[in-house]
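What the coordinates show
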Amino acid sequence: MTRVFAFRGDAMTPTLRGGARDAPGPSSARGGSGTEYVLARRLAHPFRSAAIGDVVAFAHPSDATRTLIRRVSATEGDELVDAANASVYVVPKDHAWVTADADAETDSAKSAGRHEDSRSFGPVDARALEWRGGGLGESAGG
């Protein structure tokens with residue numbers, strides 16, 4: 001099964017322009033400046049697994065009406081080092097750590113927390129990562 005997600009914003013810059021929402025329907029104006037689209041495939045259970053580097057779509061952990069698109073940065077058992085606090089965090093079993101590409105492209109001290117990702121809401125249950133991004137495209141008007 002496939003689905004098209006439309007994006008506005010810059011959370012996934014340079015890959016995407018972030019801010020996922022469902023693609024506009026027939027009664028909506030399609031395209032528009034700054035809108036990009038991603039074709040995503042549903043990850044079928046029991047093979048639902050995302051790997052490090054995958055761009056994935058999932059329901060926001062505290063607001064299921066919102067869909068986020070982020071990159072998988074770590075999976076269960078991976079260690080994340082917080083240099084500022086001199087601590088190590090291990091991603092729990094059956095979870096993934098997801099981050100916004102835009103924050104990785106800039107000075108992490110300045111951008112940390114600028115976009116919602118695992119740094120603000122913690123690891124995501126791997127079963128919640130339902131969609132893997134495949135094709136990217138820009139609207140005709142953008």
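Everything that follows concerns the structure shown earlier in this document.
Residues numbered from 1 in each chain as written. Predicted model: local features only at pLDDT ≥ 70, side-chain atom pairs only at ≥ 80, totals over all residues. Heavy atoms only, no water.

Brief notes about the packing of aromatic side chains
Counted according to the given criterion, the structure contains 2 aromatic pairs. Note on Phe 58 and Phe 121: the rings are 6.3 Å apart at their centroids and 70° apart in plane angle, and the pair reads as edge-to-face. Here Phe 58, found in strand β4 (residues 55–60), pairs with Phe 121, found in helix α3 (residues 118–121); they are 63 residues apart in sequence, far enough to count as distant. For Phe 58, a relative accessible area of 2% translates into the label buried. Taking the centre distance of 5.4 Å and the plane angle of 50° together, the rings of Tyr 89 and Trp 97 count as tilted. (Phe/Tyr/Trp six-rings, centres within 6.5 Å; stacked < 30°, edge-to-face > 60°. Helix = DSSP H or I, 4+ residues; strand = E, 2+ residues; numbered from the N terminus. Buried < 20%, exposed > 50% of the residue type's maximum accessible area, 1.4 Å probe, protein only.)

So, the pattern of salt bridges
Within this structure, the stated rule accounts for 6 salt bridges. Put simply, Asp 54 and Arg 132 hold a salt bridge, and the shortest N to O gap is 2.9 Å. In this pair, Asp 54 is assigned in the loop between β3 (36–42) and β4 and Arg 132 in strand β10 (residues 131–138), connecting sequence segments 78 residues apart. The exposure class assigned to Asp 54 is buried, which follows from its relative accessible area of 17%. Residue Arg 132 is classed as partly exposed on the basis of its relative accessible area, which comes to 29%. Here Arg 66 and Glu 116 are joined by a salt bridge, their closest N and O atoms 2.7 Å apart. Taken together, the residues span a long stretch of sequence, with Arg 66 in strand β5 (residues 63–75) and Glu 116 in the loop between α2 (108–111) and α3 at a distance of 50 residues. The class of Glu 116 is partly exposed, set by a relative accessible area of 31%. (Salt bridge = Lys/Arg side-chain N within 4 Å of Asp/Glu carboxyl O.)

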